[in-house]
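Each chain, written out:
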Amino acid sequence: MTELLNSLPQILTCLLICGVKIIEISVQSIRVIMQVKGQKLASTLLAFVECAIWGLVTSAVITTLADNMYWLLAYCVGFAAGIYFGSVLENRLALGETNLQLMADEDDGNKIIEYLIKNGRGFTAFEGFGFEGKKYKINTVIPRKAEKLTVKDIHNITTHVFVVSSDIGASFGGYGVRGNRKGRMRVSLKSKL
């Protein structure tokens, strides 16, 4: 592989090194996130791809980096760009689930719950007390792909809601999560809490 890289024009070699490194690091970023989220098979397949790229191209480049500063620069740019593009790609893929914690007053809480029920989302609601009196904390686990739309819809229902979003590594059971549908239920906070 080193001979091939040496036979190409310098600019083409640098672009190739940079491009391959971007692909390798982007794949690595997605693999690590999938691994953390418990997606074993997908992360294993990506590990194979990542290793193949490293074995074919990166290892050949590493042995000659000290001799060619242009290659080193291309390698470093590719690494940094791979981190960036891997993050962008992961955000677009939106892997896994998100836990939304919604804090609202009683009326807005009931409207939010009606929205969640209508959209087949599971939830748990708690009664509490805040600065302005009685509040409800509503927890719901949703796919990350649905997070932006769900939060937008909730803000269309009421602007008086405090939303905290946190990533979930793994979740088990529950209503409305990964196909766990136990049938529709009609709930009112006023009648239940």
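Preceding this paragraph is the structure being described.
Residues numbered from 1 in each chain as written. Predicted model: local features only at pLDDT ≥ 70, side-chain atom pairs only at ≥ 80, totals over all residues. Heavy atoms only, no water.

Student: Looking at this structure, how should I read the overall build of the protein chain?
Tutor: Tallying secondary structure elements over the protein chain gives 7 helices and 4 strands in all. In the protein chain, the succession of helices and strands from N to C terminus is α-α-α-α-β-α-β-β-α-β-α. For the protein chain, long-range pairs separated by at least 24 residues make up 71% of all intrachain contacts whose partners lie at least 6 apart in sequence. (Helix = DSSP H or I, 4+ residues; strand = E, 2+ residues; numbered from the N terminus. Contact = heavy atoms within 4.5 Å.)

Student: For this particular structure, what's the right way to read the nonpolar core?
Tutor: The tendency in soluble globular proteins is for nonpolar side chains to be buried side by side. One finds Leu102, Ile112 and Ile138 to be the most contacted residues of the largest nonpolar core, which totals 15 residues. At the level of secondary structure, the elements contributing two or more residues to this core comprise β1 (97-104), α5 (106-118), β3 (133-143) and α6 (147-157). The greatest single-element share of this core, amounting to 5 residues, is contributed by α5. Not counting chain neighbours up to four residues away, the residues in contact with Ile138 comprise Leu100, Gln101, Leu102, Gly109, Ile112, Ile113, Leu116, Phe123, Thr124 and Ala125. Judged by nonpolar contacts, the second largest core, of 12 residues, contains Leu5, Cys18, Val57 and Trp71. (Core = buried A, V, L, I, M, F, W, Y, C linked by side-chain atoms within 4.5 Å. Buried < 20%, exposed > 50% of the residue type's maximum accessible area, 1.4 Å probe, protein only.)

Student: Just to check I follow, could you spell out the packing of helix α2 (residues 10-36) against helix α3 (residues 40-62) for this structure?
Tutor: Contact pair α2 / α3: the axes reach a minimum separation of 9 Å and the direction vectors enclose 155 degrees. Between α2 and α3, the angle is such that the two are roughly antiparallel. The hand of the α2/α3 crossing is left-handed. Contacts from Ile17, Val20, Lys21, Ile23, Glu24, Val27, Gln28, Ile30, Arg31, Met34 and Gln35 in α2 reach Ala42, Ser43, Leu46, Ala47, Val49, Glu50, Ile53, Trp54, Val57, Thr58 and Val61 in α3. Residues belonging to the contact of α2 with α3 are distributed by class as follows: 14 nonpolar, 4 polar and 4 charged. (Axes fitted to C-alpha atoms, helices over the stretch in contact; angles between N-to-C directions. Parallel < 35°, antiparallel > 145°, perpendicular 65-115°, else oblique. Left-handed = near helix turned anticlockwise from the far one by under 90°. Nonpolar A, V, L, I, M, F, W, Y, C, P; charged D, E, K, R; others polar.)

Student: Help me understand the environment of Ile112, please; the structure alone is not making it clear to me.
Tutor: Structurally, the position occupied by Ile112 is in helix α5. Expressed as a C-alpha distance, the spacing of Ile112 and Thr158, which sit 46 residues apart in the sequence, is 8.3 Å. Beyond its immediate chain neighbours, meaning those up to four positions away, Ile112 contacts Leu102, Ala104, Ile138, Ile154, Thr158 and Val161.

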